[in-house]
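# Working through the structure, step by step
Spelled out from the first residue to the last, the chains are:
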Amino acid sequence: MVELVETTEEPRSTRDRVLAWALPLVALCVLVAGALAWWRASGHDQEMVDEAALRDRVLIVATSHIETLNSLDHRKVDEGLKGWAAVTTGTLHDQLTSVTEEDRKVLAEQKKISTGSVMDAAVTELDDDSATVIAAVEITVRDGSGSAEDAEPTVKRNRFAADLVKVGDDWLLESLEQVAVNMS
């Protein structure tokens, strides 16, 4: 004879069975998604730090080089031209190193002392071996002749665009062009 046993448990509803599987499954998906996001972000953080460090280095070098090319002392023309040659490459370098003796004499006879100072600059383009920088430069020109040394200097403000390339471990100016100021 078959005996029927009565149980006090009610059969599980479909909703209860779905919840019993769904909750752990959702928790596992959230855990996997979090771990994947952390893993992806940790790799990108270092890339972003490396790119920021490169951008900072290029900006510091470009600022110094732009100031060098906007500075010249009539008493040290050869030294100034050597400084220009040291921070340039390509066609710009060729132009600056081909200054004739007559041009050197004219620079010395003008008795001017110019000092360039970058007031603000930004890297607008950057990759591993080239960069473009824009800069606002204040150029102070003093007359270095006799009694005029006490005269007020002339101050000019210019904007420049500079292209830099990596040569070996150094960043050098490949071009430096004055940018027109649009007054409209």
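Look up a bit, the structure's there.
Here goes a summary of the coordinates provided.

Moving on, we come to the overall build of the protein. For the protein, the helix and strand inventory stands at four helices and five strands. Secondary structure elements of the protein, listed N to C terminal, follow the sequence α-β-α-α-α-β-β-β-β. Here the analysis covers contacts within the protein between residues at least 6 apart in sequence; of these, 55% occur between residues at least 24 apart. Just so you have it, the protein exposes about 13,400 Å², and 55% of that area is on carbon and sulfur atoms.

Let us look at a negative patch on the surface. Taken together, E125, D127, D128, D129, D163, E174 and E177 make up a surface patch of like negative charges. Here D163 is to be found in strand β4 (residues 154-167). Owing to a relative accessible area of 31%, D163 belongs among the partly exposed residues under this scheme.

The next point concerns the nonpolar core. Counting residues in hydrophobic clusters, the biggest one holds 26 residues, and the most contacted among them are L69, V137 and L164. Elements supplying a minimum of two residues to this core: α1 (14-69), α2 (77-86), α3 (90-97), β2 (112-126), β3 (130-143), β4 and β5 (170-179). Sorting elements by how many residues they give to this core places β3 first, with six residues. With near-sequence residues (within four places) excluded, L69 lies in contact with W84, V87, T88, L92, L96, L173 and L176.

Take the pairing of β2 next. Pairing geometry for strand β1 (residues 72-73) and β2, over two bridges, is antiparallel. Looking at the pairing, D73 lines up with I113 of β2. Relative to β3, β2 runs antiparallel, the two being bridged by 13 bridges. Across the sheet, residue E125 finds its bridge partner in β3, namely T132.

Another point: the side chain of T89. Assignment of secondary structure puts T89 in the loop between α2 and α3. In this structure T89 touches V165, V167, L172, L173 and E174, once residues within four positions along its chain are discounted.

Viewed as axis vectors pointing N to C, α2 and helix α4 (residues 101-109) meet at an angle of 115 degrees, and their least axial separation amounts to 10 Å. You can see that α2 and α4 cross each other, and the crossing is right-handed. Residues V77, D78 and L81 of α2 pack against R104, L107 and A108 of α4.

So, on to a nonpolar patch on the surface. A cluster of nonpolar side chains, namely L25, L28, L31 and V32, defines an oily patch on the protein surface of about 410 Å² accessible area. Assignment of secondary structure puts L28 in helix α1.

The full count for this structure, using the stated rule, is four salt bridges. Linking D73 and R75 is a salt bridge whose minimum nitrogen-to-oxygen distance equals 2.6 Å. Residue classification places R75 among the exposed positions, given a relative accessible area of 60%. In this structure, D78 and R104 form a salt bridge, with 2.6 Å as the shortest nitrogen-oxygen distance. Within this pair, whereas D78 is found in helix α2, its partner R104 is found in helix α4, the two being separated by 26 residues in sequence.

The rules behind the values
- Residues numbered from 1 in each chain as written.
- Predicted model: local features only at pLDDT ≥ 70, side-chain atom pairs only at ≥ 80, totals over all residues.
- Heavy atoms only, no water.
- Helix = DSSP H or I, 4+ residues; strand = E, 2+ residues; numbered from the N terminus.
- Contact = heavy atoms within 4.5 Å.
- Areas by Shrake-Rupley, 256 points an atom, 1.4 Å probe, with all protein chains shown as cover.
- Patch = residues over 30% accessible without salt bridge, like charges linked within 9 Å, V, L, I, M, F, W, Y side chains within 5 Å.
- Salt bridge = Lys/Arg side-chain N within 4 Å of Asp/Glu carboxyl O.
- Lys, Arg positive; Asp, Glu negative; His and termini not counted.
- Charge placed at Lys NZ, Arg CZ, Asp CG, Glu CD.
- Buried < 20%, exposed > 50% of the residue type's maximum accessible area, 1.4 Å probe, protein only.
- Core = buried A, V, L, I, M, F, W, Y, C linked by side-chain atoms within 4.5 Å.
- Pairing = 2+ DSSP bridges.
- Axes fitted to C-alpha atoms, helices over the stretch in contact; angles between N-to-C directions.
- Left-handed = near helix turned anticlockwise from the far one by under 90°.

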